[in-house]
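Listed below, chain by chain, are the residues.
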Amino acid sequence: AVVSTQSTGTCPTCRSRYCEIPVECRVCGLTLVCAPHLARSYHHLFPLHLFTEVPVGQEGCEGCGAPVEQTGYRCDRCTKVFCYTCDLFIHDMLHHCPGCEITGS
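Rules used in this analysis
- Residues numbered from 1 in each chain as written.
- Predicted model: local features only at pLDDT ≥ 70, side-chain atom pairs only at ≥ 80, totals over all residues.
- Heavy atoms only, no water.
- Helix = DSSP H or I, 4+ residues; strand = E, 2+ residues; numbered from the N terminus.
- Rg over C-alpha atoms; globule rule 2.2 N^0.38 Å.
- Buried < 20%, exposed > 50% of the residue type's maximum accessible area, 1.4 Å probe, protein only.
- Contact = heavy atoms within 4.5 Å.
- Areas by Shrake-Rupley, 256 points an atom, 1.4 Å probe, with all protein chains shown as cover.
- Lys, Arg positive; Asp, Glu negative; His and termini not counted.
- Charge placed at Lys NZ, Arg CZ, Asp CG, Glu CD.
- Phe/Tyr/Trp six-rings, centres within 6.5 Å; stacked < 30°, edge-to-face > 60°.

Q: What am I meant to see in the overall build of the protein chain here?
A: For the protein chain, the helix and strand inventory stands at 3 helices and 7 strands. Going residue by residue from the N terminus, the α and β elements of the protein chain occur as β-β-β-β-α-β-β-β-α-α. Its C-alpha atoms give the protein chain a radius of gyration of 20 Å, clearly above 13 Å, the size a compact globule of 105 residues would have. Here the C-alpha coordinates of the protein chain stretch approximately 60 × 20 × 20 Å along the principal axes. Within the protein chain, buried positions represent 29% of all 105 residues. In the protein chain, the share of contacts with a sequence separation of at least 24, taken over all contacts with a separation of at least 6, comes to 27%. On the protein chain, roughly 7200 Å² of surface is accessible, and the fraction owed to carbon and sulfur atoms is 54%. Here the protein chain contributes 7 positive and 10 negative side-chain charges, whose respective centroids are spaced 18 Å apart.

Q: In this structure, what is going on with the packing of aromatic side chains? I would like to understand it.
A: The geometry of an aromatic ring pair is captured by the separation of the ring centres together with the interplanar angle, meaning the angle of the planes. This structure, assessed with the given rule, holds 2 aromatic pairs. With centroids separated by 5.6 Å and ring planes inclined at 25°, the aromatic side chains of Phe-51 and Phe-82 adopt a geometry described as stacked. Remark: Phe-82 occurs in strand β7 (residues 81-82) and Phe-51 occurs in the loop between α1 (35-45) and β5 (52-55); sequence separation between them is 31 residues. Across the pair, Phe-82 and Phe-51 agree in class, each one buried. Centre to centre, the rings of Tyr-73 and Tyr-84 are 6.2 Å apart; their planes meet at 55°, and the pair counts as tilted. Here Tyr-84 lies in helix α2 (residues 84-94) and Tyr-73 lies in strand β6 (residues 71-74), a separation of 11 residues in the sequence. The exposure class of Tyr-73 is buried, given its relative accessible area of 14%.

Q: So what exactly am I meant to see when it comes to unusual backbone geometry here?
A: The phi torsion of most residues other than glycine is negative, and most of the peptide bonds are trans. At the junction of Ile-21 and Pro-22, the peptide bond is cis and its omega measures out at 10° in the coordinates. When you line up the elements, Pro-22 lands in the loop between β2 (17-18) and β3 (23-24). Its identity as a non-glycine residue notwithstanding, Arg-15 has a phi of 65°, on the positive side. With respect to the element layout, Arg-15 can be found in the loop between β1 (9-10) and β2. Look at His-95: it is not a glycine, yet its phi comes out positive at around 65°. In this structure, His-95 sits in the loop between α2 and α3 (98-103). Here His-95 falls in the buried class, since its relative accessible area comes to 19%.

Listed below in structure tokens is the structure:
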């Protein structure tokens, strides 16, 4: 349960008080976290799916526009193809496919 934005909190189920969160409530077992912690860990809870490795011809990368050399990485939802560098950036930093964001996939 999201408690508050402070480092102290009260369990919304059993009203037990805690000096520091995140913590698991000792009384009812509910995990207590604050909103900033939850926001920072969102991409770890729901990671971006891996892209499929595909052979490419003369296509350009949807991320940077550079020609994709031998192998591209295709998002199976929006079917956009990215180069290796953009694939790494998307999975390690963005945590969202830009093609899916644009097309609403």
